[in-house]
Amino acid sequence: MDGRSLEQARQYALQRLERELSPNLFYHGIAHTRDIVVPAATLLAEKEKLNEEEFHLLLTAAWFHDLGFIKQPAYHELISTKIAAEALPTFGYTDDQVETICWIIFATVLPQSPVTLPQKIMADADLMVLGSDEFMVHNRNLRRELSFFGKEYTDAEWLKVQLKFLESHTYFTISARALMGCGSIKKYRRP
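Residues numbered from 1 in each chain as written. Predicted model: local features only at pLDDT ≥ 70, side-chain atom pairs only at ≥ 80, totals over all residues. Heavy atoms only, no water.

Student: Tell me about the packing of helix 2 (residues 30-48) against helix 3 (residues 52-64), and name the residues and values.
Tutor: At a minimum axis separation of 9 Å, helix 2 and helix 3 run at an interaxial angle of 160 degrees. By the criterion of interaxial angle, the relationship of helix 2 to helix 3 is roughly antiparallel. The handedness of the crossing between helix 2 and helix 3 comes out as right-handed. Residue-level inspection shows Thr-33, Arg-34, Val-37, Val-38, Ala-41, Thr-42 and Ala-45 of helix 2 in contact with helix 3, the latter providing Phe-55, Leu-58, Leu-59, Ala-62 and Trp-63. (Axes fitted to C-alpha atoms, helices over the stretch in contact; angles between N-to-C directions. Helix = DSSP H or I, 4+ residues; strand = E, 2+ residues; numbered from the N terminus. Parallel < 35°, antiparallel > 145°, perpendicular 65-115°, else oblique. Left-handed = near helix turned anticlockwise from the far one by under 90°. Contact = heavy atoms within 4.5 Å.)

This is how it looks when you write it as structure tokens:
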């Protein structure tokens with residue numbers, strides 16, 4: 001696997017995301033992968049000083065991590081790994097590399113429990129939106145997406161669920177904690 005393989009994998013994932021994602025994925029649409037997760041993974045990988053192969057595997061996982069949404073929201077990470085396992089060998093990825101990519105994708109399953117540094121970067125990149133200036137817009141889009149798939153919340157329920165999630169979330173990499181200004185959002189809760 002080399003930079004050319006990564007580019008082929010990126011093009012494959014991007015084309016499938018553009019063509020096959022439901023327009024009702026208001027949060028997990030193509031912009032989530034292309035404009036948030038991949039740039040965040042790139043930034044964190046540079047700050048965490050991943051070697052070239054780890055970097056390529058991480059970015060491949062970032063491009064593929066939500067491809068499972070083209071089939072269904074439930075267990076989309078598992079579906080994403082199946083898509084990766086089928087597609088990536090055609091771009092020159094070895095079985096070991098594909099397995100590593102699949103484990104990096106699985107690091108995004110909630111609750112997150114990454115082990116390796118690339119997994120930790122992927123987990124952090126997938127939720128960097130929590131500390132962004134556009135958090136409220138993305139949060140509304142997530143609620144709208146869940147509503148489309150039949151998961152309705154009252155305002156009070158939504159706020160309670162979101163507060164609990166934010167209070168329990170911790171970034172895994174030193175770089176994400178530094179960029180977000182904290183290790184956990186919990187310490188900023190009002191008394």
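Student: Any chance you could break down the layout of surface pockets for me, citing the residues and the numbers?
Tutor: Of the pockets and cavities examined, the largest pocket occupies roughly 860 Å³. Forming the boundary of the largest pocket are 30 residues, of which His-28, His-76, Leu-110, Leu-142 and Leu-146 lie nearest the centre. Broken down by secondary-structure element, the contributors of at least two residues to the lining of the largest pocket are helix 4 (76-87), helix 7 (135-148) and helix 8 (155-168). Top contributing element to the lining of the largest pocket by residue count: helix 7, with six residues. In the lining of the largest pocket, the residues fall into 17 nonpolar, eight polar and five charged. (1 Å grid on protein atoms, 1.4 Å probe; cavity = no way out; pocket = protein on both sides within 12 Å on 5 of 7 lines; lining within 4 Å. Points joined across faces, edges and corners; volume = space filled by probe spheres on them. Nonpolar A, V, L, I, M, F, W, Y, C, P; charged D, E, K, R; others polar.)

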